[in-house]
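Survey of secondary and tertiary structure
Now for the letters of each chain:
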Amino acid sequence: DAGVTQSPTHLIKTRGQQVTLRCSPKSGHDTVSWYQQALGQGPQFIFQYYEEEERQRGNFPDRFSGHQFPNYSSELNVNALLLGDSALYLCASSSPGQSYEQYFGPGTRLTVT
Amino acid sequence: GENVEQHPSTLSVQEGDSAVIKCTYSDSASNYFPWYKQELGKRPQLIIDIRSNVGEKKDQRIAVTLNKTAKHFSLHITETQPEDSAVYFCAASSTGFQKLVFGTGTRLLVSP
């Protein structure tokens with residue numbers, strides 16, 4: 001049973017550029033949440049997608065946007081990258097009808113120079 | 001807004017000792033409290049969780065206690081082993097499948 005997968009593993013971008021990160025949820029899960037984890041900090045909630053719609057959003061600017069596809073996979077897009085966007089981006093999947101648990105992917109390490 | 005405070009930030013123990021990590025949450029609507037273990041360079045992994053209708057839950061060497069009145073919950077690890085060394089995060093959610101608000105983490109070091 002494949003767990004949550006994310007791509008790419010690492011990414012280096014220049015300030016002002018745009019980036020797209022991808023996530024495939026655990027089999028049987030229909031909800032995807034994105035978190036940003038800065039070095040030495042706890043994950044911070046960005047947003048959550050369910051039925052291809054953004055259901056909840058954290059305190060992140062509109063430069064952060066996302067999408068969920070019919071197969072439940074999801075993308076996180078960040079425009080106009082800032083140095084402060086450098087972080088580990090984690091995707092977590094869940095299925096509210098089954099369990100409260102959120103399963104995390106391995107993350108994408110984004111470095112903005 | 002919601003906030004979760006976690007203490008201590010670092011914890012060093014000898015193998016075989018017990019370790020306790022404490023968290024306090026601010027949102028009285030919180031009703032789901034998971035604990036995650038994150039090893040260096042790896043994903044957070046759920047080690048135990050508790051819902052607000054339960055005061056204590058135990059899984060082998062790990063236990064979690066919840067005091068809803070005081071808005072406190074704690075992780076207890078007994079008979080610690082070197083492989084328990086990692087960063088531990090507490091989190092809270094107002095409903096289980098909604099956003100998790102994480103604490104700042106506790107770096108646990110278990111020395112042989």
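In what follows, the structure referred to is the one given above.
Here's what I pulled together on the structure shown here. (Residues numbered from 1 in each chain as written. Chains lettered and ligands numbered in written order. Predicted model: local features only at pLDDT ≥ 70, side-chain atom pairs only at ≥ 80, totals over all residues. Heavy atoms only, no water.)

**Points about the pattern of salt bridges**
All names here are of chain B. In total, this model carries six salt bridges over all chains according to the counting rule given. Between R61 and D84 there is a salt bridge, and its shortest N-O distance comes to 2.9 Å. Here D84 lies in the loop between β8 (72-77) and β9 (86-92) and R61 lies in the loop between β6 (56-59) and β7 (62-67), a separation of 23 residues in the sequence. Of the residues examined, R61 reaches a relative accessible area of 21% and is grouped as partly exposed. (Salt bridge = Lys/Arg side-chain N within 4 Å of Asp/Glu carboxyl O. Helix = DSSP H or I, 4+ residues; strand = E, 2+ residues; numbered from the N terminus. Buried < 20%, exposed > 50% of the residue type's maximum accessible area, 1.4 Å probe, protein only.)

**Digging into empty space enclosed by the protein**
Residue and element names in this part refer to chain B. Applying the stated rule across the entire model yields one cavity of 30 Å³ or more. Here the largest cavity defines a volume of roughly 70 Å³. Around the largest cavity sit 14 residues that line it, and E2, D27, S30, A92 and V101 are the ones nearest its centre. Among the residues forming the lining of the largest cavity, the class breakdown is four nonpolar, seven polar and three charged. (1 Å grid on protein atoms, 1.4 Å probe; cavity = no way out; pocket = protein on both sides within 12 Å on 5 of 7 lines; lining within 4 Å. Points joined across faces, edges and corners; volume = space filled by probe spheres on them. Nonpolar A, V, L, I, M, F, W, Y, C, P; charged D, E, K, R; others polar.)

**Here we look at the environment of F69(A)**
All names here are of chain A. By secondary structure assignment, the location of F69 is in the loop between β7 (64-68) and β8 (74-78). Exposure remark for F69: the relative accessible area of 28% places this residue in the partly exposed category. Counting along the chain gives 19 residues from F69 to Y50, while the straight-line C-alpha distance between them is 9.7 Å. Those residues within four positions of F69 in sequence are excluded, and the remaining contacts are E52, S74 and E75. (Contact = heavy atoms within 4.5 Å.)

**Examining the layout of surface pockets**
Gaps between atoms show up when a probe of the same size as a water molecule is rolled over them. By volume, the largest pocket is sized at about 640 Å³. Lining the largest pocket are 30 residues, and of these Q37(A), Q38(B), E39(B), L40(B) and G41(B) lie nearest its centre. Going through the elements one at a time, β4 (32-38), β9 and β11 (106-111) of chain B are the ones with two or more residues in the lining of the largest pocket. When grouped by side-chain class, the residues that make up the lining of the largest pocket number nine nonpolar, 15 polar and six charged. Its boundaries defined by the atoms lining it, the second largest pocket holds a volume of some 310 Å³. Around the second largest pocket, the lining comprises 18 residues; the ones closest to its centre are P43(A), Q44(A), F45(A), E2(B) and V101(B). For the lining of the second largest pocket, the elements supplying multiple residues, two or more each, are β5 (44-50) of chain A together with β10 (101-102) of chain B. Looking at the lining of the second largest pocket residue by residue, the classes come out as seven nonpolar, nine polar and two charged.

Spatial relationships are all this shows, so hold off on functional conclusions.
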